[in-house]
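# A structural walkthrough
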Amino acid sequence: MSFHRAALVAGLVFVSTPVLAADDDDNAPRLSSDQCEISTPYNVLVDTGGVWLYRDSGMPKEIFFHDGTLSVDRAVQTVSAADAARLRQLESGARTLMPQVTSVARESTGIAFDALASVVEVMTGSARKVRQVERFRTDTLGYIDSTLGTGRWDQDVFGEGFESRIEDAAERMTGSLGRSVMWQVFTGRAGRMDARAERMEADLDHKIEARSAALEAQADALCAQVRELQSIQAALEYRLDGQRLVMLEDAPRSGTGNGAD
């Protein structure tokens, strides 16, 4: 992997839902709403009080379940004993997933910013600029911890907030890198930059590939858990106005919409 490619890694990470997979064409970890081919039209909150799913439009607007009880649009529903058990499974699964997703998001961020910091160090040799990257990293990790880390995943706020932090860091550093490279070329110091690149490139390549492979394995495990939750949902006997309760729906990778019936 060249350092040009490593620089691209930092800009390739994005989030729209808490499901991660690695892109087949590069080493960049990616977070996407349809990587597991399953999505949700809801924002999600998982805390000690239960599991809330809510949205601004569509029916129902709010679903809540805790300890086998179900509420739809703030009206308690009658469910069978079998469904109560299934709801407990769904709640337990959601509680298990959230910290795992948070961990994946943090590691995805770590890989992106490690790559960016390495590129900045090689291209500039400036500890000050590397510290600037670290400030971006700290800001992004803090955002993850205050959202996913608290059991909250809001589709538009989290996706845009996370992505904008990654993109802002990459864009800000791009201008700095360009100026630094030109300065080193015109002052005859390009050789130092090449020497730094030779020392670091192989090591960075190995580390990023290894971490991305481990992250992909975590993503596969998460997807398996999400599919299991979808199968539990499909087994629910409860009907709302004669229709199944859809919290997780099929979302083919090539699609852009929420296509559940």
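Residues numbered from 1 in each chain as written. Predicted model: local features only at pLDDT ≥ 70, side-chain atom pairs only at ≥ 80, totals over all residues. Heavy atoms only, no water.

Let us look at the overall build of the protein chain. Helices and strands together make up the secondary structure of the protein chain, namely five helices and twelve strands. Every one of the 261 residues in the protein chain was classed for burial, and the buried ones make up 47%. Of the contacts made within the protein chain by residues no fewer than 6 positions apart, 62% connect residues no fewer than 24 positions apart. With an accessible surface of roughly 13,000 Å², the protein chain has 51% of that area assigned to carbon and sulfur atoms. (Helix = DSSP H or I, 4+ residues; strand = E, 2+ residues; numbered from the N terminus. Buried < 20%, exposed > 50% of the residue type's maximum accessible area, 1.4 Å probe, protein only. Contact = heavy atoms within 4.5 Å. Areas by Shrake-Rupley, 256 points an atom, 1.4 Å probe, with all protein chains shown as cover.)

The phi torsion of most residues other than glycine is negative, and most of the peptide bonds are trans. Pro-60 follows Met-59 through a cis peptide bond whose omega is -5°. The topology assignment puts Pro-60 in the loop between strand E5 (50-54) and strand E6 (62-66). One non-glycine residue, Asp-67, lies in positive phi territory at about 50°. Residue placement: Asp-67 occurs in the loop between E6 and strand E7 (69-72). Classification of Asp-67 as partly exposed rests on a relative accessible area of 47%. Although it is not a glycine, Asp-241 adopts a positive phi angle of roughly 50°. Tracing the sequence through the fold places Asp-241 in the loop between strand E10 (239-240) and strand E11 (243-244).

Turning our eyes to something else, we now look at the nonpolar core. Counting 36 residues, the largest nonpolar core has Leu-53, Ile-63, Phe-65, Leu-70, Leu-90, Leu-148 and Met-247 as its most contacted members. Among the elements of the structure, strand E4 (43-47), E5, E6, E7, helix H2 (81-124), helix H3 (127-146) and helix H5 (190-234) are those that each provide at least two residues to this core. Ranked by residue count, the leading element in this core is H2, at ten residues. Contacts of Ile-63, omitting those with residues within four sequence positions, involve Tyr-42, Val-51, Trp-52, Leu-53, Leu-70, Ser-71, Leu-245 and Met-247. One finds Leu-116, Ala-117, Phe-136 and Ala-169 within the second-largest nonpolar core, a separate group that totals nine residues. (Core = buried A, V, L, I, M, F, W, Y, C linked by side-chain atoms within 4.5 Å.)

We now examine the environment of Leu-70. Mapping Leu-70 onto the fold places it in strand E7. Linking Leu-70 and Ala-84, residues 14 residues apart in sequence, is a C-alpha distance of 8.1 Å. In contact with Leu-70, not counting residues within four places along its chain, are Ile-63, Phe-64, Phe-65, Ala-75, Val-76, Gln-77, Val-79, Leu-87, Tyr-238 and Leu-245.

Note that all results are geometric; they support no functional claim without further evidence.
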